[in-house]
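Structural overview for review
Below are the chains, spelled out letter by letter.
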Number of protein chains: 2
Amino acid sequence: MSLSLVSSNRCFSGTQYIYRHASAATQTDMTFAAYIPPQAEKGPCPALFFLSGLTCSEENATVKAGYQRLAAELGLVVIAPDTSPRGDTVANDERYFLGQAASFYVNATQDPWAAHFQMERYIAEELYDLVLGALPVQAGKIGITGHSMGGHGALTLAMRHPERFASLSAFAPVVAPSQVEWGQVAFAAYLGENTDAWAEHDACALVLSRGWKGDMLIDQGDADAFLETNLRTPLFEAACQQAGQSAQIRYQPGYDHSYYFVASFIEDHMRFHAERLTA
Amino acid sequence: MSLSLVSSNRCFSGTQYIYRHASAATQTDMTFAAYIPPQAEKGPCPALFFLSGLTCSEENATVKAGYQRLAAELGLVVIAPDTSPRGDTVANDERYFLGQAASFYVNATQDPWAAHFQMERYIAEELYDLVLGALPVQAGKIGITGHSMGGHGALTLAMRHPERFASLSAFAPVVAPSQVEWGQVAFAAYLGENTDAWAEHDACALVLSRGWKGDMLIDQGDADAFLETNLRTPLFEAACQQAGQSAQIRYQPGYDHSYYFVASFIEDHMRFHAERLTA
């Protein structure tokens, strides 16, 4: 599998790359961002996957979150994938929470989505193996985080693939997709009406059924317009308490759902991951 | 004159505001970004104007430069204006370096530009006075910086209004508009063919005719695709040397013209201004 370079920009003494490649999982071309810190000149580094939210691509976090400064300081590679397959031949929907840029990071089993929406396999297997093979990334030292739908992706992919991810955090994650409109619409479309299948991709259900092997850090703005409707962080707090799951869940006063919130707390998350990945 | 709030986002314990207001200078509505740091709760703070480059609005620096983190640490208000008047009734051009988003921060004297392109008056007088009156900004403690065309704006407005600006820096500025395509096209359109008028808005000419009262910091990427054609930093180095002007001009190896470059060095610039504005 070969990587095609889209762009390359010097940033904080490292380099911000955008790559494109043909994906076997999604049967489309896929684009992702890879920040390579200056420490990579001396050898492979730990890496952090950042999964983005609804309406986003690999670009949003890469230009808005400010992760490069910390990555350069801490010696972390940062991989920011796109949020879904894209293109004229790929199924889509007019609603912003279904279809292109709204994969919810599952492998769809239902038509017309199954042909391309294989994002769990893409992220946790194909892209994961690709960056291990093609970029200066240390095996076994890969963490995962994400924002909103990407926070859901981080929580669920980490709990479903604990052998692949070594540290976990999330910004304003969708924690109970089976219980909120965004997730119910997406899961019904991608996975069908059998809610047993949904539970395998619902962080609140997974923390009870599988749990997570380590601790985790979650930040949530208390002025987030989606908190009461689609995020519902207290459900995850309750599930963690019931499961005895270690989780630091912080409500940040006055913060909303934007990248201004993510940028404000990216440093804490990067340090959280670096401590666990370099231990 | 009243400010209309477009958006407000909590960011690094302060608030990122976007405001709109009717401008007497441009005879249009104008939009600007204002970051208010947490220190403003206790009283007025020094402020930094950030002027943006061609094709940009107030948004680019505000979401990409990462200035809020430093502004919050240092207690600086940051004002990021738009780069020109805009609208269907405002003159424009197909070239990206003339017309809307390409004001070059001058007061146009030529038709069809003169009706709205009064950006020097807008920035250095109207908006300046507006933020002093309406926002928690300390009189006499306002610095100015900018990127590319906005770097030109910072250098020329500071030298033309030394009583208004107390500190000066620039990222990859257009230093000799009279000698490069971007500036020649814009100045001919806005100011007419008399190049005596151009010299009053050309940093290389101004540093010889007026100079700047203090020191200044300029960063320029040595891999910037516009360095040889439209930026030509060495001309400004030579002019400063000839004029005996104090200026720290740094060539940053491998950096290009993007906001990845600006973000990499914004901390140095913010600290440079804070030291001079809080002295």
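Small disclaimer: the values here were computed from a predicted structure and weren't measured.

Looking now at the packing of helix α2 (residues 67-74) of chain B against helix α10 (residues 259-277) of chain B. Residue and element names in this part refer to chain B. Contact geometry for α2 and α10: axes closest at 9 Å, N-to-C directions at 30°. Between α2 and α10, the interaxial angle falls into the category roughly parallel. Taken as a pair, α2 and α10 cross one another with a handedness that is right-handed. For the pair formed by α2 and α10, the contact residues are Y67, R69, L70, A71, E73 and L74 on the first element and I266, E267, M270, R271 and A274 on the second. Per-class residue counts for the contact of α2 with α10 are seven nonpolar, no polar and four charged.

What follows is about the environment of B:C204. Residue placement: B:C204 occurs in helix α7 (residues 203-209). Setting aside chain neighbours within four positions, we find B:C204 in contact with B:V175, B:A176, B:L235, B:F236 and B:A239.

With that settled, the discussion passes to the sheet that holds strand β5 (residues 77-81) of chain A. All names here are of chain A. With mixed pairing, the nine strands of this open sheet are ordered in space as β1-β2-β3-β5-β4-β6-β7-β8-β9. Bordering the open sheet on either side are β1 (4-11) and β9 (248-252), each of which pairs with just one other strand. Sheet twist, expressed as the average angle between the axes of neighbouring strands with direction ignored, equals 20°. In terms of strand pairing, β1 meets strand β2 (residues 14-22) through seven bridges, oriented antiparallel. Paired with R10 across the strands is T15, a residue of β2. Sitting on the sheet, helix α10 (residues 259-277) is in contact with β4 (45-51), β5, β6 (137-146), β7 (167-171), β8 (217-221) and β9, with an inclination near 170° to β7.

All names here are of chain A. Throughout the structure, instances matching the rule amount to zero disulfides over all chains. Cysteine C45 shares no disulfide, and the gap to the nearest cysteine sulfur, in C11, comes to 15 Å. Its relative accessible area of 4% is what places C45 among the buried residues.

With that settled, the discussion passes to the packing of aromatic side chains. This model, assessed by the stated rule, comprises 36 aromatic pairs over all chains. Relative to B:Y190, the ring of B:W113 has its centre 5.4 Å away and its plane inclined at 85°; by these criteria the two rings are edge-to-face. You can see B:W113 sitting in the loop between β5 (77-81) and α3 (119-134) and its partner B:Y190 sitting in helix α5 (residues 181-191), a full 77 residues away along the chain. By the burial criterion, B:W113 is buried, and B:Y190 matches it. When the ring of B:F171 is compared with that of B:F261, the centres are 6.3 Å apart and the planes differ by 85°; the resulting orientation is edge-to-face. Taken together, the residues span a long stretch of sequence, with B:F171 in strand β7 (residues 167-171) and B:F261 in helix α10 at a distance of 90 residues. When its relative accessible area of 0% is taken as the criterion, B:F261 is described as buried. Through a chain of ring-to-ring contacts, three or more aromatic side chains come together here, namely A:F50, A:F171, A:Y255, A:F261 and A:F265. Sitting above the plane of the A:F272 ring, A:R276 keeps its charged end 3.7 Å from the centroid.

Our next topic: the interface of chain A and chain B. In this assembly, 21 residues from chain A lie in contact with 21 residues from chain B. Here chain A packs against chain B, burying approximately 1700 Å² in sum over the two surfaces, 53% of which is carbon and sulfur. Area buried by chain A at its contact with chain B is led by A:R10, A:V63 and A:Y260, which between them contribute 37% of it. Applying the counting criterion to the chain A and chain B interface returns zero salt bridges. Inspection of the region where chain A meets chain B yields nine residue pairs in polar contact (both at pLDDT 80 or more). Counting residues per element, the ones that place at least two in the side of chain A that touches chain B are β1, α1 (58-64), α2 (67-74) and α10 of chain A. Its residues assigned to classes, the side of chain A that touches chain B shows eight nonpolar, nine polar and four charged.

This part covers the relation of the copies chain A and chain B. When chain A is fitted to chain B, the residual RMSD is 0.0 Å, and the transformation amounts to a turn of 180° plus an axial shift of 0.0 Å. Overall, the copies show the geometry of a two-fold rotation axis. Judged by C-alpha distance, A:K64 is the residue of chain A that lies nearest the rotation axis, at 2.7 Å. The share of interface residues of chain A whose copies in chain B are also at the interface is 100%, consistent with both copies meeting through the same surface.

All names here are of chain B. Pairing is mixed across the open sheet formed by nine strands, whose spatial order is β1-β2-β3-β5-β4-β6-β7-β8-β9. In the strand order of this sheet, the two ends are held by β1 (4-11) and β9 (248-252), each with one partner. Between one strand and the next, the sheet's axes are offset by a mean angle of 20°, whatever the strand orientation. Pairing geometry for strand β8 (residues 217-221) and β9, over five bridges, is parallel. Within the sheet, the bridge partner assigned to I218 lies in β9 and is I249.

This paragraph deals with the side chain of A:E120. Residues and elements named next belong to chain A. Its location among the elements puts E120 in helix α3 (residues 119-134). A distance of 2.7 Å separates the side chain of E120 from the side chain of H161, its partner in a polar contact. Residue contacts for E120: discarding those within four places in its chain leaves Y105, V106, N107, E125, L157, R160, H161 and H201.

Residue and element names in this part refer to chain B. Along α3, the largest kink reaches about 30° and is centred on L127. Residues M119, E120, Y122, I123, A124, E126, L127, Y128, L130 and V131 constitute the buried set of α3. The secondary structure elements touched by the buried residues of α3 are β2 (14-22), β3 (29-36), β4 (45-51), β5, β6 (137-146) and α4 (149-160).

The rules behind the values
Residues numbered from 1 in each chain as written. Chains lettered and ligands numbered in written order. Predicted model: local features only at pLDDT ≥ 70, side-chain atom pairs only at ≥ 80, totals over all residues. Heavy atoms only, no water. Axes fitted to C-alpha atoms, helices over the stretch in contact; angles between N-to-C directions. Helix = DSSP H or I, 4+ residues; strand = E, 2+ residues; numbered from the N terminus. Parallel < 35°, antiparallel > 145°, perpendicular 65-115°, else oblique. Left-handed = near helix turned anticlockwise from the far one by under 90°. Contact = heavy atoms within 4.5 Å. Nonpolar A, V, L, I, M, F, W, Y, C, P; charged D, E, K, R; others polar. Pairing = 2+ DSSP bridges. Disulfide = S-S within 2.5 Å. Buried < 20%, exposed > 50% of the residue type's maximum accessible area, 1.4 Å probe, protein only. Phe/Tyr/Trp six-rings, centres within 6.5 Å; stacked < 30°, edge-to-face > 60°. Lys NZ or Arg CZ within 6 Å of the ring centre and 35° of its normal. Buried area = accessible area lost by both parts, 1.4 Å probe. Salt bridge = Lys/Arg side-chain N within 4 Å of Asp/Glu carboxyl O. Polar contact = N/O pair within 3.5 Å; in protein donor to acceptor, adjacent residues only side chain to side chain. Least-squares fit on C-alpha atoms with pLDDT ≥ 70 in both. Bend = angle between axes of the 7 residues up to and from the residue.

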